[in-house]
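Fold and geometry: a report
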Amino acid sequence: MQSDQHSDSPDEVDEAALTQVMRIVPLGAGILAGSAVALLVLGYLAIYLLVFLPRGTVG
Amino acid sequence: MRNVERLCLAHFWVAFAAFVVACVLGTWQMWVRSPLGAHLGTPGQYFMSVTAHGVAMAYVLTTFFIMGFGYFVAVTALDRPLPGKQWAWSAFWMAIIGVVMILVPIGMGQATVLFTFYPPLTASPWFYIGLVLVVVASWVWCILMLVAMREWKRENPGRPVPLAMFATVANAVMWLWTTVGVAVELLFQVIPASLGLVQTIDVGLSRTLFSWTLHAIVYFWLMPAYIAFYTMVPRAAGGRLYSDTMGRLTFILFLVYSLPVGMHHLMMDPEHGNGTKFIQMLLTAFVSIPTLLTIFTITASLEIAGRLRGGRGIFGWIAALPWQRPAVLATGLAFVMLGFGGFGGLINMGYGMNAMVHNTSWVTAHFHLIFGGSVVIMYFAIAYEIWPRLTGREHMSLAPLRLQLWLWFIGMMVMTLPWHWLGLQGQWRRVANFNYADPLIAGWGPWVIVSLAGGVVLLVSALLFAYNLFVLHRGPSMATGRQLYALAVHPPQRVPAALNGFGLWNVLVLVLMLLAYGYPLAQFAITPSPSAIVHRVY
Amino acid sequence: MAELHAGEMHERYILKTELLWAFGVGILIAATLSVIVFTALTMDVNPPSNVERIDPKTLHLSGEFAEQNLGTTVGADGSVTARVIATQFMFVPRCIAVPRGKRITLRFAAPDVIHGLLITGTNVNTMVLPGFVSQVHTEFTRTGDLLMPCHEYCGLGHSEMWAIVQVLPENEFKPGQDGRVSCAQR
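Rules used throughout
Residues numbered from 1 in each chain as written. Chains lettered and ligands numbered in written order. Predicted model: local features only at pLDDT ≥ 70, side-chain atom pairs only at ≥ 80, totals over all residues. Helix = DSSP H or I, 4+ residues; strand = E, 2+ residues; numbered from the N terminus. Rg over C-alpha atoms; globule rule 2.2 N^0.38 Å. Buried ≥ 20, exposed ≤ 12 C-beta atoms within 10 Å, placed from the backbone. Pairing = 2+ DSSP bridges. Axes fitted to C-alpha atoms, helices over the stretch in contact; angles between N-to-C directions. Contact = placed C-beta atoms within 7 Å. Nonpolar A, V, L, I, M, F, W, Y, C, P; charged D, E, K, R; others polar. Parallel < 35°, antiparallel > 145°, perpendicular 65-115°, else oblique. Left-handed = near helix turned anticlockwise from the far one by under 90°. pLDDT = per-residue confidence, 0-100. Domains from an automatic or database assignment. Core = buried A, V, L, I, M, F, W, Y, C linked by C-beta atoms within 7 Å. Expected span 1.5 Å × (residues − 1). Bend = angle between axes of the 7 residues up to and from the residue.

Here we take up the overall build of chain C. If you tally the helices and strands in chain C, you get one helix and 12 strands. Traced from its N-terminal end to its C-terminal end, chain C shows the element sequence α-β-β-β-β-β-β-β-β-β-β-β-β. Since a compact globule built from 186 residues should have a radius of gyration of about 16 Å, the 25 Å found for chain C marks it as more spread out than a globular shape. In terms of overall dimensions, chain C has C-alpha extents of about 90 × 35 × 30 Å along its principal axes. For chain C, buried positions account for 44% of its 186 residues.

Think of a sheet as strands paired side by side through backbone hydrogen bonds, with each pair either parallel or antiparallel. All names here are of chain C. Sheet architecture is open: three strands sit in the order β5-β11-β10, paired in mixed fashion. A strand with exactly one partner marks an edge of an open sheet, and here the two such strands are β5 (95-99) and β10 (144-149). Pairwise comparison of adjacent strand axes, ignoring direction, gives a mean angle of 25° for this sheet. Pairing of β10 with strand β11 (residues 162-168) involves six bridges; the strand directions are antiparallel. Counterpart to Asp145 in the pairing with β11 is Gln166.

Let's shift gears to the environment of B:Gly372. One can find B:Gly372 in helix α13 (residues 361-391). With 21 C-beta atoms packed within 10 Å, B:Gly372 lands in the buried category.

Facing the 32 residues of chain A at the interface are 34 residues of chain B. Where the side of chain A that touches chain B is concerned, the elements lending two or more residues are α1 (15-21) and α2 (27-52) of chain A. When residues of the side of chain A that touches chain B are assigned to their parent elements, the largest contribution, 15 residues, is made by α2(A). A per-class count over the side of chain A that touches chain B returns 23 nonpolar, six polar and three charged.

Right, let's get into the packing of α2(A) against helix α11 (residues 326-348) of chain B. Between α2(A) and α11(B), the shortest axis-to-axis distance is 10 Å and the interhelical angle comes to 40°. With respect to α11(B), the element α2(A) is oriented oblique. Classified by chirality, the crossing of α11(B) by α2(A) is right-handed. From α2(A), A:Ala36, A:Leu40, A:Gly43, A:Tyr44 and A:Ile47 reach across to α11(B), where they touch B:Gly339, B:Gly342, B:Phe343, B:Leu346 and B:Ile347. Along the lines of polarity and charge, the residues of the contact of α2(A) with α11(B) split into seven nonpolar, three polar and no charged.

Let us now look at the pairing of strand β8 (residues 125-128) of chain C. Alternating residues of β8(C) divide into C:Asn125 and C:Met127 and C:Thr126 and C:Val128, and every residue in both groups is buried. Taking the residues between adjacent antiparallel strands as the criterion, strand β7 (residues 115-118) of chain C and β8(C) are bridged by six residues, where C:Gly121 takes a positive phi near 80°.

Averaged over every residue, the pLDDT of chain A is 81; residues scoring 70 or more account for 81%. Segment residues 1-10 of chain A: pLDDT under 50, and 12 contacts once partners within four positions in sequence are set aside and those in other chains are kept.

Once the domains are mapped, chain C shows domain 1 (1-45) and domain 2 (52-181). Between domain 1 of chain C and domain 2 of chain C, the C-alpha centre-to-centre distance is 45 Å.

In this structure, B:Ala170, B:Ile377 and B:Phe380 are the most contacted members of the largest nonpolar core, which totals 270 residues. Per element, the largest residue contribution to this core is 21 residues, and it comes from helix α2 (residues 43-76) of chain B. Both domains that furnish three or more residues to this core are identified here as domain 1 (1-45) and domain 2 (52-181) of chain C. Contact partners of B:Phe380, with chain neighbours within four places excluded, come to B:Ala330, B:Leu405, B:Trp408 and B:Phe465.

A few words now on helix α6 (residues 203-231) of chain B. All names here are of chain B. An ideal rise of 1.5 Å per residue puts 42 Å on 29 residues; α6 measures up with 43 Å between its terminal C-alpha atoms. The largest bend along α6 measures about 30° and falls at Leu222, with the proline Pro224 one to four residues further on. Burial of α6 is extensive: 28 of the 29 residues sit out of reach of the surface.

Before going further, it helps to spend a moment on the packing of helix α4 (residues 125-155) of chain B against helix α5 (residues 163-194) of chain B. Residue and element names in this part refer to chain B. At a closest axis distance of 9 Å, the pairing of α4 and α5 adopts a crossing angle of 155°. The angle between α4 and α5 falls in the class roughly antiparallel. In the packing of α4 onto α5, the handedness of the crossing is left-handed. Along the contact surface, α4 presents Pro125, Tyr128, Ile129, Leu131, Val132, Val135, Ser138, Trp139, Cys142, Met145, Leu146 and Met149, while α5 presents Met165, Thr168, Val169, Ala172, Trp175, Leu176, Thr179, Ala183, Leu186, Val190, Ile191 and Ser194. When its residues are assigned to classes, the contact of α4 with α5 shows 20 nonpolar, four polar and no charged.

In this section: the pairing of strand β3 (residues 80-87) of chain C. All names here are of chain C. Extensive coverage of β3 is indicated by the burial of seven of its eight residues. Between strand β2 (residues 71-74) and β3, which pair antiparallel in sequence order, lie five residues; one of them, Gly78, sits at a positive phi of approximately 90°. Relative to strand β6 (residues 103-109), β3 runs parallel, the two being bridged by six bridges. From the neighbouring strand, Val84 faces β6, where its bridge partner is Phe108. Here three bridges tie β3 to strand β4 (residues 90-92), and the two strands are oriented antiparallel to one another. The partner of Ala86 across the bridge, within β4, is Phe91. Where β3 folds back on β4, the antiparallel hairpin that results is connected by two residues.

So, on to helix α8 (residues 244-257) of chain B. Spanning 14 residues, α8(B) covers 20 Å between terminal C-alpha atoms, matching the ideal 20 Å at 1.5 Å per step. Counting buried positions along α8(B) yields 13 of 14 residues, so the element is predominantly enclosed.

Have a look at this one:
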């Protein structure tokens, strides 16, 4: 049965390298994900203001 | 693993067989309603196909896959045999009987009511009873998941439940809540009507009960994909999960917020007023939170992996990721589709904006992209990851797997993006054939053909997927594989009880459901809708 | 020991960044919701909100949706109302005359199964359920013929179910003695 506690698999992460990397993470993720969400919101507002509202009031 | 291989494989093969057949049907449907197939197919055939396609994709592919995956996680994440395996097999066969009972009436033209089966359109009782059997089988699965977790906790007091299992049980608990709506609708309204025990039916009530299930069910489908994101992909990429805590929180948020928002499917309905619809929109805004958290957490996890592999600069880690691994590739493609699909979803939920898109091809585009795209591509990734462990064999080459994933992505984008555009033009849903002589509709023709081309690519991808799994059974024996489940940057030693169980969250679900659905449902008891006559289609 | 300490520092840092992210997207969601709420209140943009029951089994016999009352009528106070029945597999009437630039109330009922409709190029969109009257207010801004299909599956004839909405300029939108306006013959 495969346990996920300790392993000798080739992808074992070196704790020192992890600490090093964690100095920058999550800057790249923040910018990438943040840009994506910002684009989403802008696209949403664009459709709302430029396509939806001009089609007239409704209620 | 020898405990559940056959159980898991049985579920997966049923799921994927239904999937491939449904893809064939879907492609045929797109062909006959396009200018290229304008004189082919009768409405009877078309809507029979739509019913079968919807049932296969929404009920068979999903339920069987999720059950099989759950059994796999319960054994591998908890490192113990599955409790109640006999019950699991009984449930499987009950579900198989249910599927046959659903499909035969469809094939005989006695259940052409589509997978949403809105009354008063009423099909043969076998169709509905078959559905009930599948749902009851899934309830057995839910109970087994709960039992497995409880037994592990007893043997491991104070330890955090492994995230993959915690999430699976969150999904099981949510599914138990989710099915209440459609179960009540079927047992008290639709099946009596189809048996001829009642001649009329309260349509406002049935729509509202179905909406209880209709939105939460898509999160039932989505959770396995997110389980893969949190517990498998970081390991596949060679890194760590950024935050185990956020993973737990995400699945709890899905459990809590998926259910009370169903009535946003009723934004255009006349049986509920502004107040209810406004509250629904607010609650729906909350259900976007777990996805937004996930986008950040998984991207950060991938950033760790990329930087560990030498990626530098703000975005250098992206290219450094091991994209040749199917799980990583699928995740990247899933996130792109999640962006577009999520965009469509935000517009669907937008109170007034729903009026612009309701029941147009925009809706069809949205759910094919978000479910057929982001979620199903992760089902592929999961299958590719665990099939070797189930069969004890290795993929001979990863290239056909990557090709299949790319084809799925390209096909899905080409198929669904035109549908968004057509939906804004006013193209409406569930149409067997369009009158391309009408100048407005003629303008849609070329885009419908583009969409069809996307669908053909998807069909090729679906066939390649089945082929890739099939040949794996004859592949070379597996050497020691890499570990499946990811570790967190900070693997938790202890977690608060609230992040290790569901007692508190069940209470919250109950409270939210009372707030959201309490009055809307009670109004049908206080002031029953004038009932409509049952309209049998068999 | 040091590893544990580093792990906890990681954990606190990680949670801080997650909180920062959650805060950021929270602002975006709040901003988007504010836009929706603002326009809903000031520009009269809402989903259909009138909850009104009607017996589907008798609506064609008498009362508001009897055949002679269907179509567009101008009331004594100048208000314009169009009454349409959605049934398998057509709308009655099949052509609905509406004025350009004037607020109109559209009212729909169904005697049989669930239907739905939209009017192309506008935000008019509603389900029509047997048991309820669906009501939408709007104002058409451009003259011309608009397509009004049934957009919810209502049976095998669903694909052929649609009506035309004829938006007439002011000088052509003339009610008869009984207040009714029919589509212009073209």
